[in-house]
Every structure is written in structure tokens, then in C-alpha cells.
Amino acid sequence: FLKMCRSGQEQYSKSEVIFYTSEVEDVNAQIERKAKEREARARSFEEELEEKRQTPLQAFAEQYAEAVEDLSASKGYGKKYGKPRRKAQGQCRGLIANVVAVRQNLSEVVEYIEALSTQPVGVVLPFERLPRSPKFRLRDFFDGAGEPWVFSSELLGVVYIAVCTVCVVGTHLKAFKEDRAARYQLPSLPAIRLLKEEEVLCPQDADDAAKATRETESKLREGCLEKVLGEVSKADVWENVIKSIVDEAQKSSQETFKGTVPDFMAKFLEDMKETARVARLEAARNLREWADKLRDETLPQFPEVLFGELTARAIAQLKAGTRETQAMTVAAWAELDEKRSAHETRLHPGLSNPNAEEELLELIQAEEERSQAAQAMAKEDCERMASCLRSQAESFVSRLSSFFEASTRVVDSLPLHKHFAALPGDEQEETPRISIKRRMRHIQNGTSVDQWGDGLPERQWPGVERHAFRSKLSAAPWPEDELLGEAAEEKLKELTPTVNSFRSPLHKRLFEKRNFYYEHFMGEFSAEVQRREKQLAGRCDHERTDLKTWQSSVRQLRGEETRVGAGGPAGE
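What you see is a predicted model; the values in this text were computed from it and never measured.

Q: Help me understand the environment of Thr329, please; the structure alone is not making it clear to me.
A: Mapped onto the elements, Thr329 comes out in the loop between α11 (302-327) and α12 (330-346). Taking the C-alpha atoms as reference, Thr329 lies 52 Å from Arg295; in sequence the two are 34 residues apart.

Q: What is the right way to look at the layout of surface pockets in this model?
A: Vacant regions in the atomic arrangement are exposed by a probe of water-molecule size rolled over the atoms. A volume near 320 Å³ is recorded for the second largest pocket. In terms of lining residues, the second largest pocket is bounded by 18 residues, among which Trp333, Asp381, Gln535, Leu536 and Arg539 are the most central. Listed by contribution, the elements that provide at least two residues to the lining of the second largest pocket are α11, α12, α13 (357-413) and α16 (505-558). Examining the composition of the lining of the second largest pocket, we find that 8 residues originate from one element, α16, more than from any other. For the lining of the second largest pocket, the residue count by class is 9 nonpolar, 4 polar and 5 charged.

Q: Just to check I follow, could you spell out the pairing of strand β2 (residues 499-502) for this structure?
A: Sheet faces and side chains relate simply in a regular strand, where the side chains alternate between the two faces. Side-chain alternation along β2 places Val499 and Ser501 on a buried face and Asn500 and Phe502 on a face that remains uncovered. Pairing of strand β1 (residues 458-461) with β2, which is carried by 4 bridges, proceeds in the antiparallel orientation. Its bridge partner lying in β2, Trp461 is registered against Val499.

Q: What am I meant to see in the nonpolar core here?
A: In globular proteins that are soluble, nonpolar side chains generally tend to be buried together. One finds Phe469, Trp478, Tyr518 and Phe525 to be the most contacted residues of the largest nonpolar core, which totals 110 residues. For this core, the leading source of residues is helix α6 (residues 151-173), giving 15 residues. Phe525 has contacts with Leu318, Leu389, Ala393, Phe469, Lys472 and Leu473, leaving out every residue within four places of it along the chain. Ranked by size, the runner-up nonpolar core spans 9 residues in total, among them Ala356, Leu363, Ile364 and Leu557.

Q: In this structure, what is going on with the pattern of salt bridges? I would like to understand it.
A: A side chain of one charge can pair with a side chain of the opposite charge when the charged atoms of the two come close. Using the criterion set out here, one finds 35 salt bridges in the structure. We note a salt bridge from Glu50 to Arg53, for which the minimum N-O separation is 3.2 Å. With a gap of 3 residues between them, Glu50 and Arg53 both fall in helix α2 (residues 14-75), about one helical turn apart. Since its relative accessible area comes to 40%, Glu50 is described here as partly exposed. Connected through shared salt-bridge partners, Asp337, Arg340, Glu344, Glu367, Arg370, Arg539 and Glu543 make up one network.

Q: Looking at this structure, I do not really get empty space enclosed by the protein. What am I missing?
A: What the rule picks out here adds up to 1 cavity of 30 Å³ or more. Size it by volume and the largest cavity reaches roughly 60 Å³. Lining the largest cavity are Ser153, Leu156, Ile192, Arg193, Leu194, Lys196, Glu197, Glu199, Ser402, Phe403 and Ala406. Listing elements by their share of the lining of the largest cavity, those giving two or more residues are α6 and α13. It is α13 that contributes the most residues to the lining of the largest cavity, 3 residues altogether.

Q: Where do I start with unusual backbone geometry in this structure?
A: In terms of backbone geometry, most residues other than glycine have negative phi values and most peptide bonds are trans. Positive phi outside glycine occurs at Lys174, with the angle close to 55 degrees. Looking at the element boundaries, Lys174 is found in the loop between α6 and α7 (178-181).

Q: Even after reading the chapter, I still don't get the packing of aromatic side chains, so can you show me in this structure?
A: How two aromatic rings sit relative to each other is set out by the distance from centre to centre and by the angle between their planes. One pass over the structure, following the stated rule, counts 14 aromatic pairs. For the pair Phe176 and Tyr184, a centre-to-centre distance of 4.8 Å together with 40 degrees between the ring planes defines the contact as tilted. Using a relative accessible area of 5% as the deciding quantity, one classes Phe176 as buried. Seen in terms of ring centroids, Phe176 and Phe420 are 5.0 Å apart; in terms of plane orientation they differ by 50 degrees. Their pairing is tilted. Taken together, the residues span a long stretch of sequence, with Phe176 in the loop between α6 and α7 and Phe420 in the loop between α13 and α14 (436-445) at a distance of 244 residues. Take Phe420: its relative accessible area is 3%, and that puts it in the buried class.

Q: Would you take a moment to explain the confidence of the model for the protein chain for this structure?
A: Close inspection of predicted coordinates is inappropriate in any region flagged by low pLDDT. The share of residues in the protein chain with pLDDT of 70 or more is 93%, and the mean pLDDT across the chain is 87. Ranking the elements of the protein chain by mean pLDDT puts α14 last, at 69, and α6 first, at 96.

Q: Help me out: how do you make sense of a positive patch on the surface in this one?
A: Taken together, Arg33, Lys34, Arg38 and Arg41 make up a surface patch of like positive charges. Considering the arrangement of structural elements, one finds Lys34 in helix α2.

Q: Mind showing me how you'd approach the environment of Trp550 here?
A: With respect to the element layout, Trp550 can be found in helix α16. Each C-alpha atom, one on Trp550 and one on Val200, is 58 Å from the other, the two residues being 350 residues apart in sequence. Those residues in contact with Trp550 that sit more than four places away from it in its chain are Arg340, His343, Glu344, Leu347, Leu363, Ile364 and Glu367.

Q: Sorry if this is basic, but what is going on with the side chain of Arg295 here?
A: Topologically, Arg295 is positioned in helix α10 (residues 263-298). Despite being buried, Arg295 has no salt bridge partner; Asp296 is the closest side chain of opposite charge, sitting 5.6 Å away. Within polar-contact distance, the side chain of Arg295 engages the backbone oxygen of Leu414 at 2.7 Å. If near-sequence neighbours (up to four positions away) are discounted, Arg295 is found in contact with Pro300, Val411, Leu414, Pro415, Leu416, Leu456, Ser504 and Leu506.

Reading the values: rules and limits
- Residues numbered from 1 in each chain as written.
- Predicted model: local features only at pLDDT ≥ 70, side-chain atom pairs only at ≥ 80, totals over all residues.
- Heavy atoms only, no water.
- Helix = DSSP H or I, 4+ residues; strand = E, 2+ residues; numbered from the N terminus.
- 1 Å grid on protein atoms, 1.4 Å probe; cavity = no way out; pocket = protein on both sides within 12 Å on 5 of 7 lines; lining within 4 Å.
- Points joined across faces, edges and corners; volume = space filled by probe spheres on them.
- Nonpolar A, V, L, I, M, F, W, Y, C, P; charged D, E, K, R; others polar.
- Buried < 20%, exposed > 50% of the residue type's maximum accessible area, 1.4 Å probe, protein only.
- Pairing = 2+ DSSP bridges.
- Core = buried A, V, L, I, M, F, W, Y, C linked by side-chain atoms within 4.5 Å.
- Contact = heavy atoms within 4.5 Å.
- Salt bridge = Lys/Arg side-chain N within 4 Å of Asp/Glu carboxyl O.
- Phe/Tyr/Trp six-rings, centres within 6.5 Å; stacked < 30°, edge-to-face > 60°.
- pLDDT = per-residue confidence, 0-100.
- Patch = residues over 30% accessible without salt bridge, like charges linked within 9 Å, V, L, I, M, F, W, Y side chains within 5 Å.
- Areas by Shrake-Rupley, 256 points an atom, 1.4 Å probe, with all protein chains shown as cover.
- Lys, Arg positive; Asp, Glu negative; His and termini not counted.
- Charge placed at Lys NZ, Arg CZ, Asp CG, Glu CD.
- Polar contact = N/O pair within 3.5 Å; in protein donor to acceptor, adjacent residues only side chain to side chain.

The following block contains the structure:
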């Protein structure tokens, strides 16, 4: 504007230009002054902005935190006030989850038992042919103890662990009747001797060997149970665990809520106890179903393969033992036969010359010594074979009796349906009626139908004849049995120990299969005795025939008459 005024085009006078210049400078000064004032006010506002922003926010945050604290305290929310409830809830859920896990593990063990029970019967089952054990490996305990692994012990051991699992979980859940609970506690269960076929229970002697045996068997049982039971193996009774959870939650609540347990927490604990009670009853029902399944469906299959495999293995060992016994003198017999052949070759007509009398006498003496050695060896073979056969029979009877008694003890330890405490809904179940046959038996014996209450009838299961196999070796050519002695008849009637147990279809099946395979082994044993007796008799007949032939040849060379039964020089 001033430039335009000064250009002269607009024809402003000098005084006007001066006037406008002063006015413009005055306006510019006012604008600059206003700008500085506004800049100062803006800077002042900027300095006060953070304070005006934070003051209301802080007040809101304090009110919000106070509201959250009040709500958390009243409802049990948040890290602080919700901690007692969360911890109690987590412990309760963990307790329920532990039992569910055991139920799954038990299911896998029962499936393994069923798989073992369906193995081929009547053959020796090696470890490599078996299905893989889902939870534990019994073979490792046999190897660690330096004992040979056998299928029968594997099967019995798995059944034993399954029964122990049912008892331990039932005790944990307090699922049994009060008057039956002590019977199914783990210390009350029989300490089955799994690592030794010939023994039933762990020895209770105080010597070091017995202690070592108990420790080894205990390590086996505890190791397998720990795999199946998990945390339940170390847990207290269910109700005690729930009580401890509630007590701990109440104590924690009192510390958190200044000496009081809020209503919401008290209600939560009551609800949790009810949930735990329902879960315990459901777990007890499932456990009872598993026990019934074991008794009614799974275990009736296992006596067949248990005693069948044991018998097949015993028969294989019997035949292998007799073969090894026979092979011990095969080389010696071959040497004696070679000597006999050499003596026959040397016995030529030239020895009839009186000048060869000394050579003939020497040859006769050598053959006499060979014949005596053969007779002595034949006698030793017979004694050795008899000892082998008797020891094999003794071993089989011992193992058969041991497995029967051990299996019976395990079955006795499996909880009965009636030994479980009553559960909701049981009143709707129909009580099984007693059979007419059983009722008539009670009437004939003059006993009460309810004599055994909720348990099984007691029964004494007789043993098998311990020395019946030895009677097959009592006649010639077998040597006299020192064990039988003069009281042979009484010894032959001796039985293995009677097993005091109970009567049930499962017990009866164990008894029948034991007797069946006892008779089966008896047939195989008799056939093996006859075969070995025929071999030994054939060797003796061969020696007698060779001796007669030799004596006849010698008499002919000497020009003597052949006299049957005469004791001439050749006979002497």
C-alpha cells in the first residue's frame, strides 16, 4: 500500500504519504502487540493444560479403583479377593481330574488283560509276541531282580495290579461299606510273590533274604501302581482332601477379608462340597461297574490261558530236560559201541589156536570191562533220567499249585458288588434271587440262606496229588524213589495245600482249569516216561543181545558146547 502511494501513480501528496505511513506503522505495532499477548496467553494455557487434564482423570481413576475394590470384595473377583476361591476351585477340579485319569488308566489295563487272555492256548508265549503294556512293563522288574520272565507271571501280575487299583481307588473314594473297608485297604491285600513261580506270598521271615524279597516285590507293586494311580497313590481319603481344601480356603478368606468369610465365599464352598460329593458318588459308581466287569466278563477268560501256558511251558521243559539228560552220555555210548565193534573185529578164527590163548583172554577181559562199563552207564542213565522226570513233575505241581493259590487270593481281593456302599438309585435295583439248588443245599445242611450275608459262601478248594507223577516211575527199570520210601501209598495220596477261599463261578473256573491242565500234563508226562523207558530198555536189550552173541562166539572159538544158563569159562 505504501509502495503504491509513493509511486506517484495514485497522485498522493507527500503529507498524505507521511500520514499513511505513520498510520500503517501504528497498525503494525498494534498487531505485533496483540500477537505477543496472544502468544503469552497460549503459552500459559499450554502450561496449565496437563494439570487440567490429569486432575479430573486422577479423580476418576481413584473413584474407579474404589468401585472395583468394592465390587471385587463383595463378589470375590480379582487377583486378591478371587485368589481363595480360584485356589479352592483348582484343587477340587484337580482332585476330580485325578480320579478320571485313574479310570482311563484302569480301562487300558483291563483291555491289556483281555488282550493277554485271548492269546493262543497250549503254546509257550514269548515276550515279543505280546501286545505292548499301556502303563507299566513288568519285564523290567524281572530283569532287575535277575529272575526269568514268564507269561503266566505277566498275566497274573497285571490282574493283581488291576485289583489293587480298584481297592486303592475305592478306599480313596470311601466307596466300600464301613464293615468291609478295612479288608480292601492296600496293606490288607495279599503280598503276591510274582517274581518266583514256585512261591505264593512274600516270605514274612526276619532274615535278610526275606527282607530283600519283600522289598523287591514291594518295589514292583508300588512302581506299577504309581503308573496307574498317579496322584491318587499319594492322596488321602476324598472327604479328608475336600475338608482340607475347605479349611484352607476359609483360612485364606479370613486373611483376605479381615477376619471374616464373606457370604459369597461360604456359598461357593457349600456348592463346591456338593459338586465334590456328586463327583465322588459318580466315581464310586464307575469303580463298582469296573469291579463287576472284571469279575463277570474279563477274569473268567484268564484261567484258561494262565494254566494253559504254564502247562505248555512245563511240557516243553520236560521234553527239553529229557533230551539234555539223554545227550549227556551219547558220546560215551558211541565210544563203547566203537570198542564193541573193535572187539568183534579182533575176535577172528585165528584165536582158536592154543598159541593165541593169551590174546584171547586179554580180549575177553577187555570186552568184560566194556560190558560192565555199559551196564553201569545204563544204570546211571536210568537214575539220571528218573531224577530228571521226577524233578520236572515236582516243579510243575509246585508251580501249578502256586499259581492256583495266588490267583485265588487275587480274586478274593476283588471287591464284591455288595461290598460297595449304597449309591443313589440302588433301591430301584432288583435283588438277585437265590437259586433253588442253593436253597435246597442249605435246607439239607440245616444252614441259613443268609448265612454269608453280603459275602460269598466259604469254600475249601482241595489241592492236587503232589506225588502222583512219581507213581509212573515206581516200577522197574526205574530206580527206587527215596522220597516215597516205605510209606509209598500214603505219600501218593498226599495233596498240595488246600486253599481256604470262597465259592463263585470265577473260583470254580480256576479250580476246573487247574485240574484240567493237571490231567493234561499227566498224559504228556506218562507218554514221555513210556518213551524214555522204551529207549532205556532198548539199550539194555541191545547190550544183553550183544553179550550173548559175544559169549557164543567165544565158546565156538574154544570148541565148547553152548549151554544155556551154564557158568562155563566164557560165562564167567
